[in-house]
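Listed below, chain by chain, are the residues.
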Amino acid sequence: MSSPLKDPLIRVPFAKLHDLLYRIFSRHGCSDTVAAILATNCTNAQRDGAHSHGVFRIPGYVSTLASGWVDGQAVAQVSDRAAAFVQVDAQGGFAQPALAAARDLLVHKARNAGIAVLAIHNSHHFAALWPDVEPFAEEGLIALSVVNSMTCVVPHGARRPLFGTNPIAFAAPCAGQSPIVFDMATSAMAHGDVQIAAREGRALPDQVGVDAAGDPSVDPQAILDGGALLPFGGHKGSALSMMVELLAAGLTGGHFSWEFDWSGHPGAKTPWTGQLIIVIDPGKAEGDRFAQRSRGLLEQMRAAGVSRLPGERRFRERAISAREGVSVGEAQWHSLERLLE
Ligand code: NDP
Ligand code: PYC
């Protein structure tokens with residue numbers, strides 16, 4: 001598939017892109033439920049300009065489904081483990097349908113207990129993480145999620161890669177405006193962005209990765225061909241990445257980023273790991289003023305000179321997409337259509 005950035009852009013209605021992606025997922029072995037959930041996830045990412053996890057990912061989904069590595073028909077099994085703990089076995093399928101299957105129970109528990117945990121294992125997550133948390137904040141809840149991926153990050157002080165790119169996403173309600181949302185890999189760069197840079201022949205910034213010999217490199221292809229990424233922020237990002245491994249895999253029972261072997265499934269791209277989501281009901285806090293306090297915090301940040309808050313770029317892209325349609329590369333669109341043949 002051609003690069004989303006060098007390809008001339010066209011604007012397509014959200015529903016048209018969603019329908020195409022739904023048909024691709026269905027054509028390549030997903031159940032109706034899974035196809036609809038993944039199509040929504042991927043269309044939302046493209047709509048918000050989250051290009052490393054929008055339609056760029058579709059060939060990877062398709063090759064993974066063809067390889068038999070992931071089960072596109074899986075029906076997640078939800079277990080009510082405790083007053084504030086829900087466990088889901090995704091049955092070797094995608095994490096997003098597992099979250100959807102457990103969501104009502106999770107929210108019910110969070111509203112009762114003030115907090116609830118969702119532990120997903122035996123799952124594949126190949127997407128951006130903010131779509132998993134933002135909807136909770138839209139209904140007044142705070143949500144934090146972590147997911148681990150595949151070995152491609154050298155822990156601080158180590159000689160070889162071990163961790164995944166391991167993102168952390170957070171969403172909180174904010175009075176009178178869209179929720180506060182951030183979503184970030186704990187690696188210096190997302191693996192998807194390294195792939196995009198390699199396609200475009202763009203050098204990376206310093207301190208992002210190393211080549212196969214372990215020497216610092218700004219060549220994205222060298223990082224992809226046996227090299228590795230570094231955590232962001234040295235020992236601090238490395239500690240957060242370790243935390244993600246512990247929560248998303250150690251706690252849930254999912255695989256650590258180094259624990260699965262996909263070499264017998266050529267074309268497999270989706271990490272077979274786990275995901276943790278923690279949901280808090282701020283309505284249980286004394287005074288129930290959390291959304292107002294959030295707004296006050298943002299006002300102070302703006303007054304202090306912050307001109308760009310996390311999530312703002314995506315919300316801006318979303319508004320443009322609503323007016324003009326979702327932007328997709330022209331050649332990219334035709335490549336997608338060919339996946340229906
Ligand atoms: P970015 O570094 O692009 O952005 C991280 C966060 O910082 C976002 O919330 C972003 O907001 C915000 N931000 C970016 N620039 C600024 C700025 N100048 N000032 C203030 N805030 C800013 O994200 P990553 O490259 O780390 O991750 C990209 C995606 O990759 C994520 O969605 C992540 O979930 C996904 N990913 C998924 C993995 C998986 O296993 N499924 C593994 C690794 C990554 P905004 O959104 O508005 O740009
Ligand atoms: O961009 O690092 C990444 C990534 C890994 C799995 C899905 N996305």
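Residues numbered from 1 in each chain as written. Chains lettered and ligands numbered in written order. Predicted model: local features only at pLDDT ≥ 70, side-chain atom pairs only at ≥ 80, totals over all residues. Heavy atoms only, no water.

The local shell around ligand 1 holds 21 residues, among which Ala127, Asp183, Ala185, Gly311 and Arg313 are the closest. In the model, a nitrogen atom of ligand 1 is placed 2.8 Å from a nitrogen or oxygen of the Ala127 main chain. Gly311 places a polar main-chain atom, nitrogen or oxygen, 2.9 Å from an oxygen atom of ligand 1. Summarising the interface, the protein chains cover 73% of the accessible area of ligand 1, which totals 920 Å² for the free molecule. Mapped onto the shell around ligand 1, the elements with two or more residues apiece are β7 (180–184) and α10 (312–324). Of the residues assigned to the shell around ligand 1, the class counts are 10 nonpolar, 5 polar and 6 charged. (Near = heavy atom within 4 Å. Polar contact = N/O pair within 3.5 Å; in protein donor to acceptor, adjacent residues only side chain to side chain. Areas by Shrake-Rupley, 256 points an atom, 1.4 Å probe, with all protein chains shown as cover. Helix = DSSP H or I, 4+ residues; strand = E, 2+ residues; numbered from the N terminus. Nonpolar A, V, L, I, M, F, W, Y, C, P; charged D, E, K, R; others polar.)

What follows deals with unusual backbone geometry. A positive phi angle, close to 40°, is found at Asn166, a residue other than glycine. Tracing the backbone through its elements, the reader meets Asn166 in the loop between β5 (142–147) and β6 (168–172). By relative accessible area, Asn166 is classed as buried at 0%. Of note, the phi angle at Gln207 is positive, near 70°, even though the residue is not glycine. Within the element layout of this structure, Gln207 appears in the loop between α6 (191–200) and β8 (209–210). (Buried < 20%, exposed > 50% of the residue type's maximum accessible area, 1.4 Å probe, protein only.)

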